[in-house]
Amino acid sequence: MTTITIRDESTTGGLAAREWDLEFLTERITVRELIRSRVYQEVKDHNARGGAYAGLVRPVGAEAGPTGWRVKPGAKIDWRAQFEKAVEAFGSNHVLVLVDDRQLTELEEPIVLKSGTRVTFLRILPLVGG
């Protein structure tokens, strides 16, 4: 089992940067598998505890808040819908994926994981009026 560090950042500084560990059973994955595992875990964790959702992409019907997106109390988030939105955000360059400071650009791009691998998901938001 390989444990990597995930970090979220935003170009706007809106949502606070956060960091946590994610485990994989294999050392070779693709960017798609990385996004899927990340989204699945964050949705699973949110659905178990509730509160603000601090995931990669905004759930349908959620409103922005200071620590994440506010969803209706008791509402469950669908990880598959979140995964599809995350893949779309990656494809449209609204989310960049950096593995050990190297940007990955293709969903099927292979990643070799090792203990200590750092993955940054950077949300790119357009400038107002730009």
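Residues numbered from 1 in each chain as written. Predicted model: local features only at pLDDT ≥ 70, side-chain atom pairs only at ≥ 80, totals over all residues. Heavy atoms only, no water.

Right, let's talk about the packing of aromatic side chains for a bit. Considering all chains together, one arrives at 2 aromatic pairs under this definition. When the centroid spacing of 5.3 Å and the interplanar angle of 90 degrees are considered together, the rings of tyrosine 40 and tryptophan 79 count as edge-to-face. Here the residue tyrosine 40 occupies a position in helix α1 (residues 31-49), and tryptophan 79 occupies one in helix α2 (residues 79-91), the gap between them amounting to 39 residues. We classify tryptophan 79 as partly exposed; its relative accessible area is 21%. Ring geometry for tryptophan 79 versus phenylalanine 83: centroids 6.4 Å apart, planes at 45 degrees, classification tilted. Of this pair, tryptophan 79 and phenylalanine 83 both sit in helix α2, separated by 4 residues, roughly a single helical turn. A relative accessible area of 12% means that phenylalanine 83 is categorised as buried. Within the aromatic cluster, the residues linked to one another by ring pairs are Tyr40, Trp79 and Phe83. Taking the ring centre of tryptophan 20 as reference, the NZ or CZ of arginine 18 above it sits at 4.1 Å. The ring of phenylalanine 121 carries arginine 38 above its face, with NZ or CZ at 4.6 Å from the centroid. (Phe/Tyr/Trp six-rings, centres within 6.5 Å; stacked < 30°, edge-to-face > 60°. Helix = DSSP H or I, 4+ residues; strand = E, 2+ residues; numbered from the N terminus. Buried < 20%, exposed > 50% of the residue type's maximum accessible area, 1.4 Å probe, protein only. Lys NZ or Arg CZ within 6 Å of the ring centre and 35° of its normal.)

A separate point is the side chain of glutamine 82. Along the chain, the position of glutamine 82 falls in helix α2. By relative accessible area, glutamine 82 is classed as buried at 3%. Aside from chain neighbours lying at most four places away, what touches glutamine 82 is Val39, Val43, Tyr53, Val57, Arg58, Pro59, Val60 and Ile77. (Contact = heavy atoms within 4.5 Å.)

Sheet architecture is open: 5 strands sit in the order β2-β1-β9-β6-β7, paired in mixed fashion. The open sheet has two edge strands with one neighbour each: β2 (18-24) and β7 (102-104). The sheet shows a mean angle of 30 degrees between the axes of neighbouring strands, taken without regard to direction. Here strand β6 (residues 95-99) runs beside strand β9 (residues 118-123); their pairing, made up of 5 bridges, is antiparallel. Across the sheet, residue leucine 96 finds its bridge partner in β9, namely leucine 122. (Pairing = 2+ DSSP bridges. Axes fitted to C-alpha atoms, helices over the stretch in contact; angles between N-to-C directions.)

This brings us to α1. End to end, α1 covers 27 Å across 19 residues, agreeing with the expected 27 Å (1.5 Å per residue, within 8%). Considered for burial, the residues of α1 that qualify are Val31, Leu34, Ile35, Arg38, Val39, Glu42, Val43 and His46. Along α1, the residues classed as buried sweep out an arc of 145 degrees about the axis, all on the same side. Positive backbone phi, approximately 80 degrees, marks glycine 50, located one or two places after α1. (Expected span 1.5 Å × (residues − 1). Arc of directions from axis to C-beta.)

Read these as spatial facts, not as claims about activity.
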